[in-house]
Amino acid sequence: MFAGFLWWMIIGLIAGFIAGKVMSGGGIGVLADMVIGMVGGIIGGWVFGMLGIFPGGGLIGSILVAFVGACILLWLVRLIKKA
């Protein structure tokens with residue numbers, strides 16, 4: 001159980017960091033990147049599931065799903081901040 005949570009945190013950190021670089025040109029901070037990546041993993045999993053796309057259960061597939069979800073999350077946060 002702890003190992004699964006640890007992997008979720010590591011994947012979240014990687015995905016959040018990459019999404020932070022792509023979406024805003026820089027990371028937001030280690031903890032914020034991790035949270036964005038972890039929540040992005042949930043969002044990405046939901047979006048990919050709704051579209052019927054399953055990239056696989058490996059590390060790269062998990063990072064891809066979390067990255068896409070983190071980008072969506074960052075886009076929504078910016079949209080709300082502008083309002």
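Above this note sits the structure.
Okay, so let's go over this structure. This one's a predicted model, so the numbers in the text were calculated from it and none came from an experiment.

## With respect to the overall build of the chain
- Helix and strand counts for the chain come out as 3 helices and 0 strands.
- Taken from N to C terminus, the helices and strands of the chain fall in the order α-α-α.
- The buried share of the chain, taken over its 83 residues, is 29%.
- Summarising the internal contacts of the chain: among those between residues at least 6 apart in sequence, 68% fall at separations of at least 24.
- When the accessible surface of the chain is summed, it comes to about 5,300 Å², and 80% of that surface belongs to carbon and sulfur atoms.

## So, the packing of helix α2 (residues 30-51) against helix α3 (residues 59-82)
- Contact pair α2 / α3: the axes reach a minimum separation of 6 Å and the direction vectors enclose 105°. Considering the angle they form, α2 stands roughly perpendicular to α3. Facing I36, G37, V39, G40, G41, I43, G44, G45, V47 and F48 of α2, the residues of α3 in contact are V65, A66, V68, G69, A70, I72, L73 and L74.
- The residue makeup of the contact of α2 with α3, split by class, is 12 nonpolar, 6 polar and no charged.

## So, the environment of G61
- Among the secondary structure elements, G61 is positioned in helix α3.
- The sequence separation of G61 and L31 amounts to 30 residues, and the corresponding C-alpha distance is 22 Å.

## A word on helix α1 (residues 2-24)
- Across its 23 residues, α1 extends 32 Å between first and last C-alpha, which sits within 8% of the 33 Å expected from 1.5 Å per residue.
- For α1, every residue scored as buried is listed here: I11, G12, A15, G16, A19 and G20.
- Packing partners of the buried residues in α1 comprise α2 and α3.

## Some remarks on the nonpolar core
- If you look at the biggest cluster of nonpolar residues, it comprises 6 residues: A19, I36, A70, C71, L73 and L74.
- Broken down by element, this core gets its largest block of residues, 4 residues, from α3.

## Concerning a nonpolar patch on the surface
- Among the surface-exposed residues, F2, L6, W7, I10, I14, F17, I18, V22, L59 and I60 lie close enough to one another that they form a single nonpolar patch of about 980 Å² accessible area.
- Breaking the nonpolar patch down by element, the ones donating at least two residues are α1 and α3.
- Ranked by the residues each element gives to the nonpolar patch, the list is headed by α1, at 8 residues.
- Mapping I10 onto the fold places it in helix α1.

## Notes on α2
- If you check α2, its first and last C-alpha atoms are 30 Å apart, about what 22 residues at 1.5 Å a residue would give, namely 32 Å.
- Looking at the buried side of α2, the elements it contacts are α1 and α3.
- Looking at the residues trailing α2, positive phi occurs at G52, about 75°.

The rules we used
- Residues numbered from 1 in each chain as written.
- Predicted model: local features only at pLDDT ≥ 70, side-chain atom pairs only at ≥ 80, totals over all residues.
- Heavy atoms only, no water.
- Helix = DSSP H or I, 4+ residues; strand = E, 2+ residues; numbered from the N terminus.
- Buried < 20%, exposed > 50% of the residue type's maximum accessible area, 1.4 Å probe, protein only.
- Contact = heavy atoms within 4.5 Å.
- Areas by Shrake-Rupley, 256 points an atom, 1.4 Å probe, with all protein chains shown as cover.
- Axes fitted to C-alpha atoms, helices over the stretch in contact; angles between N-to-C directions.
- Parallel < 35°, antiparallel > 145°, perpendicular 65-115°, else oblique.
- Nonpolar A, V, L, I, M, F, W, Y, C, P; charged D, E, K, R; others polar.
- Expected span 1.5 Å × (residues − 1).
- Core = buried A, V, L, I, M, F, W, Y, C linked by side-chain atoms within 4.5 Å.
- Patch = residues over 30% accessible without salt bridge, like charges linked within 9 Å, V, L, I, M, F, W, Y side chains within 5 Å.
- Salt bridge = Lys/Arg side-chain N within 4 Å of Asp/Glu carboxyl O.

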